[in-house]
Amino acid sequence: MAPRTTLMPPLLHMTRTRSVLPLISRVGTALAAVLALALLPGCNKLHQVFSLSGPQSTMLSEGPVARAQWDLFMVTVYVTMFIFVIVGAVLAYAQIKFRAKSEADEHAEAAAEAGHGNPFVEIGLIAGSVALLVIIAIPTLKDIWYTYDVPKADVDSGNTMEVTATGYQWWFKFEYPAEMVKLPTGGEAPLATGNEVVVPAGVAVRVNLRTVDVIHSFWIPKLAGKVDMMPNRANHLWFKAEKPGYFYGQCAEYCGESHAVMRFRVIALKPSDYAKWLENQKNGARTATAQVIAAEAEAPHVQFASMKDVGPHSTLAGSVEFDADPFAFWQKMQTTDKGEDAAHIAAGRKLFQDKTCITCHTVRGHEGIGITGPELTHVGARSTIAAGVLENTPDRLHQWLTDPNYFKPGNKMYNGGYVDVASGQHKFTLTGEEIDSIVAYLRSLK
Ligand code: CUA
């Protein structure tokens, strides 16, 4: 036998288990320290990171579809954990039992003829693997059927409704095909809203998934998903929110530069509150004249019974309150702002025409007729703007209108609306006071 030491550089001996373990432990400690430091600035969210309880956690499902998906995920986790433990145990056993016990063992040649195993063991392993795959396959197939469409029981009892969600770069349009409204241009169309879809809790909602441009993907982590919105293909999914609540949604398919900020919300209401919401949505835009403001001071425009539960939230201060309870924030948004100024609002409405906002946005009952951007008839009653990225406060709305490209790079309101894409020239400018007026107008659209 040739003396191996001349062929093997001494370094290879250092890769043996004995010397590597302390290295791994040192590197591991250093990595953990760096990670901890990196996470420190986000301390207020750390509990969400470690408990995995964030607003888009799939682990805290609040509807039957998401729960079925989570349960199926756990079945695969249990099966793969089982495989990991068995294979790991056999591997550890072999490593310890057949390790080199002496210098002679280290330099020994491998046996000339290795064993060919035991046919019973091999067939047993194949049968075991097939059995494990079947254990995963049964609930998988069951859930493919279950999540595909609204269950028959809900259809038979009429406990179902339909919504059409359409992906745009980068926002979501929601339409209610059963609720027709008069269009400013004449004719009728399904009631439409942008980025926030309101549904009754406990009702199975079938969502038709469409896109006008590229492939997007529709995902409400706590309720259902993900299904792609594909050009020339009519996909759908369904979900049911078990209780009233406020749910975060997200585009889950890379669709261009602002994919990460293409979000939406699902607001589930008690059926009686939903009926009130729907009635108000079907109305045209609110015109906040001095008389209307005075009359509404006595009788709020929309009032939900469940708003009594809103609790200590008495102002719409912004992100602090929003984070504390986004559902309460949304409910507050249904009422008109205190101290509305009719002249200010009227000036904003005029600017909304003069600055050509009306060519891209619909405001039913007012001048807006465009369909390129989200429908804004009741935008003042939404909890978020800019496809779920900013809370709908006067400050945020002001910042959004000042520099939309900062919040949503590549968006069409800026690139094409504010600025001519070909020449790079501004089509118009907005002063701070003008934006204030437009904000007042948009907020009056409850
Ligand atoms: Cu739309 Cu990603």
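Please read these numbers as outputs of a predicted model, since none were measured by experiment.

Colleague: Explain empty space enclosed by the protein residue by residue, including any values.
Modeller: Counted by the stated rule, this structure contains 1 cavity of 30 Å³ or more. Quantified by volume, the largest cavity comes out at close to 60 Å³. In terms of lining, the largest cavity is formed by T193, E196, V198, W277, Q281, W330, Q334, H378, A381 and R382. For the lining of the largest cavity, the elements supplying multiple residues, two or more each, are β4 (196-200) and α9 (271-282). Of the residues that constitute the lining of the largest cavity, the class distribution is 4 nonpolar, 4 polar and 2 charged.

Colleague: If you had to explain the packing of helix α5 (residues 64-97) against helix α7 (residues 119-148) to someone new, which residues and values would you point to?
Modeller: Packing of α5 against α7 brings their axes to within 10 Å, and their N-to-C directions diverge by 170°. Overall, the two elements α5 and α7 adopt an arrangement that is roughly antiparallel. Every residue of α7 that contacts α5 at P64, V65, A68, Q69, L72, V75, T76, V79, F82 and I83 is listed here: L132, I135, I136, P139, T140, D143, Y146 and T147. Taken together, the residues of the contact of α5 with α7 sort by class into 13 nonpolar, 4 polar and 1 charged.

Colleague: So what's going on with the packing of helix α13 (residues 342-354) against helix α16 (residues 432-444)? Residues and values would help.
Modeller: Two elements in contact, α13 and α16, have axes separated by 7 Å at closest approach and are oriented at 100°. With respect to their mutual orientation, α13 and α16 come out roughly perpendicular. Taking contact as the criterion, the partners of H344, I345, A347, G348, R349, L351 and F352 in α13 are, on α16, E434, D436, S437, I438, A440, Y441, L442 and S444. Looking at the contact of α13 with α16 residue by residue, the classes come out as 8 nonpolar, 4 polar and 3 charged.

Colleague: Go over the pattern of salt bridges with me, naming the residues and quoting the values.
Modeller: Tallied over the full model, the rule gives 15 salt bridges. Note that E179 is salt-bridged to K282, the shortest N-O span being 2.8 Å. With E179 in strand β2 (residues 171-182) and K282 in helix α9, this pair connects stretches of sequence that are 103 residues apart. Residue E179 is classed as buried on the basis of its relative accessible area of 18%. We classify K282 as partly exposed; its relative accessible area is 35%. The closest approach of N and O atoms between E434 and K355, which form a salt bridge, is 3.8 Å. Of this pair, E434 sits in helix α16 while K355 sits in the loop between α13 and β11 (384-385), and the two are 79 residues apart along the sequence. In the salt-bridge network here, residues are joined through shared partners; they are D337, R443 and K446.

Scoring rules and cut-offs
Residues numbered from 1 in each chain as written. Predicted model: local features only at pLDDT ≥ 70, side-chain atom pairs only at ≥ 80, totals over all residues. Heavy atoms only, no water. 1 Å grid on protein atoms, 1.4 Å probe; cavity = no way out; pocket = protein on both sides within 12 Å on 5 of 7 lines; lining within 4 Å. Points joined across faces, edges and corners; volume = space filled by probe spheres on them. Helix = DSSP H or I, 4+ residues; strand = E, 2+ residues; numbered from the N terminus. Nonpolar A, V, L, I, M, F, W, Y, C, P; charged D, E, K, R; others polar. Axes fitted to C-alpha atoms, helices over the stretch in contact; angles between N-to-C directions. Parallel < 35°, antiparallel > 145°, perpendicular 65-115°, else oblique. Contact = heavy atoms within 4.5 Å. Salt bridge = Lys/Arg side-chain N within 4 Å of Asp/Glu carboxyl O. Buried < 20%, exposed > 50% of the residue type's maximum accessible area, 1.4 Å probe, protein only.

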